[in-house]
Amino acid sequence: MKSLAKDTAIYGLSSIVGRFLNYLLVPLYTHVISAATGGYGIVTNLYAYVALILVLLTFGMETTFFRFANKDDENPHCVFSTSMAVIAALTALFLGALFLFIDPISTALGYSDHKDYVMIMACVVSLDAIQAIPFSYLRYKKRPIKFAALKLLFIMMNIGLNLLYFVWLEKTDVFYIFFLNLVCTGFITFFFIPEFAHEHVAARAYCKERGMDFKIVDFSLLRRMLIYSWPILVLGVAGILNQTVDKMIFPLVYPDVAEGQVQLGIYGACVKIAMIMAMITQAFRYAYEPIVFAKSKDGDKKVYYAQAMKYFVIFTLFAYLCVVGWMPLLQRIIGEEYRDGLQVVPIVMAAEIMMGVYFNLSFWYKLIDKTIWGAWFSLAGCAVLIAVNVIFIPRYSYMACAWGGVAGYGTSMLLSYVVGQRKYPIRYDLKSMFSYLLVTVAFYYAMCFVIDSDMHEVLVLAANTVLILAYLAMVVMKEKIKIRR
């Protein structure tokens, strides 16, 4: 647990701190790009497609890499090269098809006048896919420092260039948001050359020691990896659709196309605040995933998984209260034109917590190599989410997107728990987790009452901070955590 906490803190530096620094771009964009133009809606829409394509190009190889690299009877160097070969081939096919059919693709997406947006983001997502396995390699090798350093370097470089273009040079075109992303992503790719070189040398040495022929791609291994990874791909597609399909569907089903981009821009800006939950889940995942597969051989693994789940719930509920309680400050991240959508933040955060719980529950089918279950759970959740969005967006606008996330993630979470307790039972401390949830709900309504009162902002923040500290005190006493002086 100490190792998990330490690695989560380091990965959190790149995820949470990095995303926080990236928040500097949200007020920048929402001040230089008027909500009425719908420009930020275009950014929100295209990045949703990018997230989906990234999952398709990586083909579940990140999780597959960890699974096979930790097997005693597999060559970890060959696992690395085979994983890279799969992603490189898919990326080449994707770029070739997109540039060949750029006109119909741009028209279908609604960007016939801005094909450059589509082409640039296609290059960005391709580079991101190529970086996926090297980043996983750093996690596998327990090198969180370089992992965090590269993530932060990208963010700092991106922020610096955006400030240069949008503040110093006074640009207002969303084209520069996409172009600068491409520049920074391409720059980071060069830092993985040492990993590629080291793996090539290590793979040759490994094969020579064992009298084996060196192969960049082991087709026997590839077949086994693809059998394992394709359900993860389906799971990943369904999972990312749960996060992004509302932003893709919105302009298509909203009654007025132009107004739809405006409303999507408001929703996209406010969701940035709620993404604190996604940051925490991501940081936890980066640290937890390698440990789970490495610990799968230990006798106390189920106790460990149950403890990790409980502390994940405790910490995410704490973060939830912090965001709600300090909303009077956090709302200043976005421009005033966008603040009408802040009501979605608590709802989206609740959905993200459910997604995090679902991620924790997901390891039972990964460890018994039955990843198809995850595909079915995620598809069920995705179907619910899409139905809610298609039916209710025309009437309730982006509020339907927020509640659709709760419905979708909630469905996947409950299905995974019910089936998992039959296939791979783990005794989770449900009593403790529900007690923390009930306290969080009570404190949430108390905070809302304080925020809606006529109290001065300083007093509102002070009152809500007291409630946050009360939650922490409950955790310390209930979990019997010793505070060192």
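Residues numbered from 1 in each chain as written. Predicted model: local features only at pLDDT ≥ 70, side-chain atom pairs only at ≥ 80, totals over all residues. Heavy atoms only, no water.

Asks: Please clarify how the overall build of the protein should be interpreted in this entry.
Replies: Per the secondary structure count, the protein includes 21 helices and zero strands. Looking at the protein residue by residue over its 485 residues, the buried ones come to 54%. Taking all contacts inside the protein whose residues are at least 6 apart in sequence as the whole, residues at least 24 apart take part in 83%. Of the accessible surface of the protein, which amounts to about 22,000 Å², a share of 67% is contributed by carbon and sulfur atoms. (Helix = DSSP H or I, 4+ residues; strand = E, 2+ residues; numbered from the N terminus. Buried < 20%, exposed > 50% of the residue type's maximum accessible area, 1.4 Å probe, protein only. Contact = heavy atoms within 4.5 Å. Areas by Shrake-Rupley, 256 points an atom, 1.4 Å probe, with all protein chains shown as cover.)

Asks: In this structure, what is going on with the nonpolar core? I would like to understand it.
Replies: In summary, soluble globular proteins display a tendency toward joint burial of nonpolar side chains. Membership of the largest hydrophobic core comes to 150 residues, with the highest contact counts inside it found for Phe-178, Val-345 and Tyr-471. Look past the residues within four positions of Tyr-471 in its chain and what remains in contact with it is Val-313, Ile-314, Leu-317, Phe-318, Leu-321, Tyr-436, Val-439, Thr-440 and Phe-443. (Core = buried A, V, L, I, M, F, W, Y, C linked by side-chain atoms within 4.5 Å.)

Asks: Explain the layout of surface pockets to me, please; I cannot follow it from the model alone.
Replies: Which parts of space are left empty comes out when a probe the size of a water molecule is rolled across the atoms. Size it by volume and the largest pocket reaches roughly 810 Å³. In this structure, the largest pocket is lined by 26 residues; those nearest its centre are Ile-353, Met-354, Val-357, Met-413 and Leu-437. Where the lining of the largest pocket is concerned, the elements lending two or more residues are α14 (301-325), α16 (345-361), α19 (398-423) and α20 (430-452). It is α20 that provides the largest number of residues to the lining of the largest pocket, a total of eight residues. When its residues are assigned to classes, the lining of the largest pocket shows 24 nonpolar, two polar and no charged. (1 Å grid on protein atoms, 1.4 Å probe; cavity = no way out; pocket = protein on both sides within 12 Å on 5 of 7 lines; lining within 4 Å. Points joined across faces, edges and corners; volume = space filled by probe spheres on them. Nonpolar A, V, L, I, M, F, W, Y, C, P; charged D, E, K, R; others polar.)

Asks: I'm lost on helix α3 (residues 39-58) in this one. Help?
Replies: Since there are 3.6 residues in each turn of an α-helix, residues three or four apart along the chain are aligned in direction. Taking 1.5 Å of rise per residue, the 20 residues of α3 would be expected to cover 28 Å, and the 29 Å separating its terminal C-alpha atoms lies within 8% of that figure. Judged by how many residues are buried, α3 sits mostly within the fold: 14 of 20 residues are covered. Two residues or fewer after α3 comes Phe-59, characterised by a positive phi angle close to 55°. (Expected span 1.5 Å × (residues − 1).)

Asks: Whenever I open this one, the confidence of the model for the protein confuses me. Can you help?
Replies: Low pLDDT means the predicted coordinates in that region are not meant to be read closely. Looking at the protein as a whole, the pLDDT averages 83, with 88% of positions reaching at least 70. Predicted confidence in the protein is weakest over helix α1 (residues 2-22), with a mean pLDDT of 61, and strongest over α20, with 93. (pLDDT = per-residue confidence, 0-100.)

Asks: When you look at the pattern of salt bridges in this model, what are you seeing that I'm missing?
Replies: Side-chain pairing between opposite charges can occur once the charged atoms of the two side chains come close. By the definition in use, this model includes five salt bridges. Among the ionic pairs, Lys-115 bridges to Asp-103, the shortest N-O distance being 2.8 Å. Here Asp-103 lies in helix α6 (residues 102-109) and Lys-115 lies in helix α7 (residues 115-140), a separation of 12 residues in the sequence. Measuring nitrogen to oxygen at the nearest pair gives 2.7 Å for the salt bridge that ties Glu-479 to Lys-310. With Glu-479 in helix α21 (residues 457-479) and Lys-310 in helix α14, this pair connects stretches of sequence that are 169 residues apart. A single salt-bridge network, built from bridges that share partners, covers Lys-310, Asp-429 and Glu-479. (Salt bridge = Lys/Arg side-chain N within 4 Å of Asp/Glu carboxyl O.)

Asks: Could you clarify how one ought to interpret a nonpolar patch on the surface in this entry?
Replies: On the surface, a cluster of nonpolar side chains totalling about 460 Å² of accessible area is made up of Leu-153, Phe-187, Phe-190, Phe-191 and Ile-193. Positionally, Ile-193 belongs in helix α10 (residues 193-209). (Patch = residues over 30% accessible without salt bridge, like charges linked within 9 Å, V, L, I, M, F, W, Y side chains within 5 Å.)

Asks: Help me out: how do you make sense of the side chain of Gln-263 in this one?
Replies: Structurally, Gln-263 is set in helix α12 (residues 257-274). Excluding residues that lie within four positions of it along the chain, Gln-263 makes contacts with Phe-250, Tyr-254, Ser-397 and Tyr-398.

Asks: Looking at this structure, I do not really get α12. What am I missing?
Replies: Compared with the 26 Å implied by 1.5 Å per residue over 18 residues, the 25 Å span of α12 between its first and last C-alpha is a close match. With 14 of 18 residues buried, α12 is to be regarded as a mostly interior element. Measuring from the side-chain oxygen of the N-cap residue of α12 to the backbone nitrogen of Glu-259 gives 2.9 Å; that N-cap residue is Asp-256. (Polar contact = N/O pair within 3.5 Å; in protein donor to acceptor, adjacent residues only side chain to side chain.)

Asks: Just to check I follow, could you spell out the packing of aromatic side chains for this structure?
Replies: How two aromatic rings sit relative to each other is given by the distance of their centres and the angle of their planes. Applying the stated criterion to the full structure yields 25 aromatic pairs. Ring plane angle 55° and centroid distance 5.2 Å describe the contact between Tyr-117 and Phe-178, whose orientation is recorded as tilted. Placement of the pair is Tyr-117 in helix α7 and Phe-178 in helix α9 (residues 175-189), with a sequence separation of 61 residues. Comparing Tyr-117 with Phe-178, the two get one shared label, buried. By the ring-pair criterion, three or more aromatic residues cluster together here, those being Tyr-29, Tyr-40, Phe-166 and Tyr-338. Taking the ring centre of Phe-135 as reference, the NZ or CZ of Lys-151 above it sits at 4.2 Å. Sitting above the plane of the Tyr-311 ring, Lys-310 keeps its charged end 5.4 Å from the centroid. (Phe/Tyr/Trp six-rings, centres within 6.5 Å; stacked < 30°, edge-to-face > 60°. Lys NZ or Arg CZ within 6 Å of the ring centre and 35° of its normal.)

Asks: Explain the packing of helix α11 (residues 219-253) against α12 to me, please; I cannot follow it from the model alone.
Replies: In helix packing, the relevant descriptors are the interaxial angle and the interaxial distance, both defined with respect to the helix axes. The N-to-C vectors of α11 and α12 enclose an angle of 160°; their axes lie 8 Å apart at closest approach. Taken as axis vectors, α11 and α12 run roughly antiparallel relative to one another. The hand of the α11/α12 crossing is right-handed. Each of Asp-246, Lys-247, Phe-250 and Pro-251 in α11 lies in contact with α12, whose residues at this interface are Gly-260, Gln-261, Gln-263, Leu-264 and Tyr-267. Of the residues assigned to the contact of α11 with α12, the class counts are four nonpolar, three polar and two charged. (Axes fitted to C-alpha atoms, helices over the stretch in contact; angles between N-to-C directions. Parallel < 35°, antiparallel > 145°, perpendicular 65-115°, else oblique. Left-handed = near helix turned anticlockwise from the far one by under 90°.)

Asks: Which parts of the structure should I look at to understand unusual backbone geometry?
Replies: A negative phi holds for most residues other than glycine; trans holds for most peptide bonds. One non-glycine residue, Phe-59, lies in the positive phi region at around 55°. As for its position among the elements, Phe-59 is in the loop between α3 and α4 (61-69).

Asks: Quick question: what am I supposed to make of the side chain of Ser-432 here?
Replies: For Ser-432, the location among the structural elements is in helix α20. Side-chain polar atoms of Ser-432 contact the side chain of Asp-429, separated by 2.8 Å. Contact partners of Ser-432, with chain neighbours within four places excluded, come to Lys-310 and Lys-478.

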